[in-house]
Amino acid sequence: MKKNILVGQSGGPTAVINGSLYGVVAQAKEHKGQKIDHIYGMINGIEGFLKDRYMDMEADMTSEEFEALKTTPGAYLGSCRFKLPADLSDPVYARLFDKFNRLNIGYVLYIGGNDSMDTVSKLSRCAKAHNSDIRIIGIPKTIDNDLVGTDHTPGFGSAARFVATSVREIGIDAAIYDTNSVTIVEIMGRHAGWLTGAAVLARKYKKDNPVYIYLPEENFSTEQFIEDIRRALETRKNIVVCVSEGIHDAQGRFICEYESAAGVDNFGHKMLTGCGKYLENLIRIRLGIKVRSVELNVSQRCSSVRQSQTDLKEAIEAGRFSVDAAVSGASGMMTAFTRTGDAPYAMECTLVDVNDVCNKEKKVPLEWITDRGTDVSDAFIQYVLPLIQGSVTLPEDNGIPVFAYRRPV
């Protein structure tokens, strides 16, 4: 009996999350007439589906829009940050499975990060408890690269490429004046420093900018930071420093939670800013030199201009593999990447138990963090370098990229 397939996106988007969506739809079409009938997409994830918001991924898209998915950033279907209850007897599950049954859903695929894998875990456990034959599979994505059970995650390679490129551009810009200066680049990564570590690829030679790279896996000392800057200024005038947004002190307090160097505002309110801005003010006051901070912010995850061809190819492959896995009977699993070669680089898709993935974090190995927590090792470089390879040509109209835009439903 043919069943329908339902796919959703959740959490923060990436430059290739729609590549996985493309892979799901493309592979589902391969099963049309045999195992699969309709291909539905949740609008705004599980939260939107609870409000009966979904679309037909074939009838509601043109072929041109479908092809444009591959290079469209953001989450085409819309996202959510909705946490299902821990109690599997909560009425919300009865509502969800009633909706699944009314739409004749046989396969649910959910593209997302850690919280999304929690959703996959709960739905699959609920299905098993009620002897439902609905197959539920998680498809990984996150620029943070912090999902356990997989060598890396779709989205990380493109974000790493964007970071490395941006930091190299910033470094060249910072070197134009013959005067002492410091540029601090704040990069996403609250608990895991994978993306900040990728800034090492910006270097053209040993000891080039960024001079220092600070990850949240190691404790951060503001006093040691000032000494690091002083020491670097003894041998060069223009210094670029990269910091993870989640750097913290030995007590676990985030640096971004410190009072800013400016103290309080006119109303006496504590001015909490990003860690980059805090460190900028600290250097200005303590060292009295030219300093600025740059927060790469949302551009790290939404830029398709620096999309990695390797990243896009693997994202699509993850979507295709997940459909085949679900149709073959797998459930309660997450598609994962297993690296099978380094020279040349190669990987293959596998399945891991989603319960071993959700609510855990994969951090940068401490042995890959060097020089008293101010740099990363060659092993880190060898790990990340293959993931940023290859350029993708974006379709354009009058010099501006053409993206797929979802029609309101």
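Everything here concerns the structure above.
The structure reproduced in this document is the subject of the present report.

Thresholds applied
- Residues numbered from 1 in each chain as written.
- Predicted model: local features only at pLDDT ≥ 70, side-chain atom pairs only at ≥ 80, totals over all residues.
- Heavy atoms only, no water.
- Helix = DSSP H or I, 4+ residues; strand = E, 2+ residues; numbered from the N terminus.
- Rg over C-alpha atoms; globule rule 2.2 N^0.38 Å.
- Buried < 20%, exposed > 50% of the residue type's maximum accessible area, 1.4 Å probe, protein only.
- Contact = heavy atoms within 4.5 Å.
- Polar contact = N/O pair within 3.5 Å; in protein donor to acceptor, adjacent residues only side chain to side chain.
- Pairing = 2+ DSSP bridges.
- Axes fitted to C-alpha atoms, helices over the stretch in contact; angles between N-to-C directions.
- Expected span 1.5 Å × (residues − 1).
- Phe/Tyr/Trp six-rings, centres within 6.5 Å; stacked < 30°, edge-to-face > 60°.
- Lys NZ or Arg CZ within 6 Å of the ring centre and 35° of its normal.
- Left-handed = near helix turned anticlockwise from the far one by under 90°.

All right, on to the overall build of the protein then. Check the secondary structure of the protein and you find 12 helices and 15 strands. A compact globule built from 409 residues would reach a C-alpha radius of gyration of about 22 Å, and the protein, at 23 Å, matches this within 12%. Projecting the C-alpha coordinates of the protein onto the three principal axes gives extents of approximately 75 × 45 × 40 Å. Residues classed as buried in the protein amount to 57% of the 409 residues present. Put simply, 74% of the contacts in the protein that link residues at least 6 apart link residues at least 24 apart.

Mapped onto the elements, Lys-237 comes out in the loop between α8 (222-233) and β8 (238-244). Accessibility expressed as a relative area gives 37% for Lys-237, which makes it partly exposed. Taking C-alpha positions, Lys-237 is 14 Å from Ile-283, a pair spaced 46 residues apart along the chain. Discounting residues that sit within four places of it in the chain, Lys-237 has contacts with Asp-178, Thr-179, Asn-180 and Ser-181. At 2.8 Å, the side chain of Lys-237 and the side chain of Asp-178 are in polar contact.

Taken in spatial order, the seven strands make up an open sheet running β3-β2-β1-β4-β5-β10-β11, and their pairing is mixed. A strand with exactly one partner marks an edge of an open sheet, and here the two such strands are β3 (54-56) and β11 (345-353). For this sheet, the mean inter-axis angle between neighbouring strands, taken without regard to orientation, is 30 degrees. As defined by bridge partners, strand β2 (residues 36-42) adjoins β3 across three bridges and the pair is classed as antiparallel. Each residue of the ladder has a partner; that of Tyr-40, found in β3, is Asp-56. Contacting β4 (105-112), β5 (135-140) and β10 (333-342), helix α5 (residues 114-129) crosses the sheet at an angle of about 170 degrees to β5.

Here we have four strands laid out as an open sheet, ordered β7-β8-β6-β9, and parallel in their pairing. For this open sheet the edge positions go to β7 (212-214) and β9 (290-295), each flanked by a neighbour on one side alone. The average undirected angle you get between the axes of adjacent strands in this sheet is 15 degrees. Here strand β6 (residues 181-187) pairs with β8 via seven bridges, running parallel. Within the sheet, the bridge partner assigned to Glu-186 lies in β8 and is Val-243.

Let's shift gears to helix α1 (residues 17-30). The first and last C-alpha atoms of α1 sit 21 Å apart over 14 residues, in line with the 20 Å expected at 1.5 Å per residue. When you tally the buried positions in α1, you get 12 out of 14 residues, the bulk of the element. Of the surrounding elements, those touching the buried residues of α1 are β1 (3-9), β2, α3 (63-68), β4, β5 and α11 (309-327).

Let us now look at the packing of aromatic side chains. The final tally for this structure, using the stated rule, is 15 aromatic pairs. Consider the rings of Tyr-22 and Phe-66, whose centres lie 4.4 Å apart with planes at 20 degrees: the pair is stacked. Here Phe-66 lies in helix α3 and Tyr-22 lies in helix α1, a separation of 44 residues in the sequence. Here Phe-66 falls in the buried class, since its relative accessible area comes to 8%. Put simply, the rings of Tyr-40, Phe-49, Tyr-54, Phe-97 and Phe-100 touch in pairs and so form one group of aromatic residues. Note that Arg-190 overlies the ring of Phe-254, its terminal NZ or CZ placed 4.8 Å from the centroid.

Right, let's talk about the packing of α8 against helix α9 (residues 275-287) for a bit. Where α8 contacts α9, the two axes come as close as 11 Å, and the packing angle between them is 65 degrees. Relative to α9, the crossing made by α8 is right-handed. Contacts from Thr-222, Glu-223, Phe-225, Ile-226, Ile-229 and Arg-230 of α8 reach α9 at Tyr-278, Leu-279, Leu-282, Ile-283, Arg-286 and Leu-287.

To continue, consider the environment of Ala-198. Tracing the backbone shows Ala-198 in the loop between α7 (194-197) and β7. On the basis of relative accessibility, which here comes to 0%, the residue Ala-198 falls in the buried class. The sequence separation of Ala-198 and Gly-149 amounts to 49 residues, and the corresponding C-alpha distance is 20 Å. Discounting chain neighbours no more than four positions away, the residues touching Ala-198 are Ala-160, Ala-164, Phe-380 and Val-384.

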